[in-house]
Amino acid sequence: MSAATSARRIAIVTGASSGIGAATARGLAAAGYRVVLTARRKDRIEALAAELADAGHDAVAYALDVTDRAAVDAFATAFREVAVLVNNAGGALGADPVASSSPEDWRQMYETNVIGTLNVTQALLPALTASGDGTVVVLSSTAGHGTYEGGGGYVAAKHAEHVLAETLRLEIVGTPVRVIEIAPGMVKTDEFALTRFGGDQEKAAKVYAGVAEPLTADDVADTITWAVTRPPHVNIDLLVVRPRAQASNTKVHRDA
């Protein structure tokens, strides 16, 4: 454990019910943080909190919809100091062309990925500052750094999230808060592609077809934990992480 972490320092992870969020909660708990798990699915985060407690870690679950600003503000009142905020809640919906995509899907992606990140960051920034050594992590995507066909809505939302992180870093320089952006490429989790394609198992499987080793949730969580636990004066502005088989959003090696 580095000097940047210590037992009882609070790390809040949004979207902690599955995938990267759950894996990140496990990683930060192992690094010595008191982890606060938030997500809409209360049963999932309560089970994860129990798992972490059984392993000797300190964790608590709090059901939260990051798009509900009143609920986020009420949640934030519980904390005078917060060491780490991981903005992980988000996701993709659909893969249709701009001409025929669903405006409702675009709206929902923007609300969750961008407004949700804004809500939680704004509400907790005073507590992050009060800690004397706060870290905001924004989990964006390589989609926020390069577009691809069928990705317009998700790309737009993740680009906005990238710009949010970049702008916040400029605006709070000189305060004791770092802003870290982690941008993963192809990550195979149980739910991401399945949710994107409305539960269509066949379409979800095609995303990873022929790719021997896409990233896992643990790979990304390990990257987040590493970035967060650097010495306080070290800021990882942007870290792009892809599987070796993926050279860009549109260039992926697939075995025959």
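Colleague: So, the sheet that holds strand β4 (residues 84–87): which residues are in play, and what are the values?
Modeller: Two modes of strand pairing occur in sheets, parallel and antiparallel, and in both the strands are linked by backbone hydrogen bonds. Here seven strands make up an open sheet; going across it, the order is β3-β2-β1-β4-β5-β6-β7 and the pairing parallel. The open sheet has two edge strands with one neighbour each: β3 (59–63) and β7 (238–241). Each strand axis lies, on average, 15° off the axis of its neighbour in the sheet, ignoring direction. Where strand β5 (residues 134–139) meets strand β6 (residues 177–184), six bridges bridge the pair, whose relative direction is parallel. When the bridges of β6 are listed, Val-138 appears paired with Glu-181.

Colleague: Let's hear about the environment of Ala-49: which residues, and what values?
Modeller: Examined against the element boundaries, Ala-49 turns out to sit in helix α2 (residues 42–54). Sequence spacing of Ala-49 and Val-36 is 13 residues, and the spatial spacing of their C-alpha atoms is 8.5 Å. Excluding residues that lie within four positions of it along the chain, Ala-49 makes contacts with Leu-37, Ala-59, Val-60 and Ala-61.

Colleague: Explain empty space enclosed by the protein to me, using residue names and the numbers behind them.
Modeller: One pass over the structure, following the stated rule, counts three cavities of 30 Å³ or more. In terms of lining residues, the largest cavity is bounded by 15 residues, among which Leu-93, Gly-94, Asp-96, Ser-101 and Trp-106 are the most central. Breaking the lining of the largest cavity down by element, the ones donating at least two residues are α4 (103–130) and α5 (152–171). Looking at the lining of the largest cavity residue by residue, the classes come out as five nonpolar, seven polar and three charged.

Colleague: How would you summarise the nonpolar core if you had to cite specific residues and measurements?
Modeller: The biggest cluster of nonpolar side chains holds 37 residues, and the ones touching the most others in it are Leu-28, Tyr-33, Val-35, Leu-37, Ile-182, Val-220 and Ile-224. Leave out the neighbours within four places in its chain, and Ile-224 touches Ile-20, Thr-24, Val-86, Val-137, Leu-139 and Ile-182.

Colleague: Could you give me a rundown of the pattern of salt bridges, with the residues and numbers involved?
Modeller: A full pass over the atoms with the stated rule returns 10 salt bridges. A salt bridge links Glu-51 to Arg-26; its shortest N-O distance comes to 2.7 Å. Separated by 25 residues along the polypeptide, Glu-51 in helix α2 and Arg-26 in helix α1 (residues 19–30) bring together distant segments of the chain. By relative accessible area, which is 35% here, Arg-26 ends up partly exposed. In this structure, Glu-191 and Arg-41 form a salt bridge, with 2.9 Å as the shortest nitrogen-oxygen distance. Within this pair, whereas Glu-191 is found in the loop between β6 and α6 (192–196), its partner Arg-41 is found in the loop between β2 (34–39) and α2, the two being separated by 150 residues in sequence. Of the residues examined, Glu-191 reaches a relative accessible area of 25% and is grouped as partly exposed. Looking at Arg-41, the relative accessible area reads 32%, which means it is partly exposed.

Colleague: Would you mind going over the packing of α1 against helix α8 (residues 217–228) in detail, with residue names and values included?
Modeller: Running from amino to carboxyl end, α1 crosses α8 at an angle of 45°, the nearest separation of the two axes being 8 Å. Between α1 and α8, the angle is such that the two are oblique. In this structure, α1 meets α8 at a crossing whose hand is right-handed. Counted together, Gly-19, Ile-20, Ala-23, Thr-24, Gly-27 and Leu-28 of α1 and Ala-217, Asp-218, Val-220, Ala-221, Ile-224, Thr-225 and Val-228 of α8 form the full contact between these two elements.

Colleague: Tell me about the packing of aromatic side chains, and please be specific about residues and values.
Modeller: All told, the structure shown has three aromatic pairs when counted by the stated rule. Aromatic side chains Tyr-62 and Phe-75 sit 4.7 Å apart centroid to centroid with 55° between the ring planes, which places their arrangement in the tilted category. With Tyr-62 in strand β3 and Phe-75 in helix α3 (residues 69–76), the pair connects residues that are 13 residues apart, well separated along the chain. Put simply, the rings of Tyr-62, Phe-75 and Phe-79 touch in pairs and so form one group of aromatic residues.

Parameters at a glance
- Residues numbered from 1 in each chain as written.
- Predicted model: local features only at pLDDT ≥ 70, side-chain atom pairs only at ≥ 80, totals over all residues.
- Heavy atoms only, no water.
- Pairing = 2+ DSSP bridges.
- Helix = DSSP H or I, 4+ residues; strand = E, 2+ residues; numbered from the N terminus.
- Axes fitted to C-alpha atoms, helices over the stretch in contact; angles between N-to-C directions.
- Contact = heavy atoms within 4.5 Å.
- 1 Å grid on protein atoms, 1.4 Å probe; cavity = no way out; pocket = protein on both sides within 12 Å on 5 of 7 lines; lining within 4 Å.
- Points joined across faces, edges and corners; volume = space filled by probe spheres on them.
- Nonpolar A, V, L, I, M, F, W, Y, C, P; charged D, E, K, R; others polar.
- Core = buried A, V, L, I, M, F, W, Y, C linked by side-chain atoms within 4.5 Å.
- Buried < 20%, exposed > 50% of the residue type's maximum accessible area, 1.4 Å probe, protein only.
- Salt bridge = Lys/Arg side-chain N within 4 Å of Asp/Glu carboxyl O.
- Parallel < 35°, antiparallel > 145°, perpendicular 65-115°, else oblique.
- Left-handed = near helix turned anticlockwise from the far one by under 90°.
- Phe/Tyr/Trp six-rings, centres within 6.5 Å; stacked < 30°, edge-to-face > 60°.

Everything listed here is a matter of geometry and, on its own, says nothing about what the molecule does.
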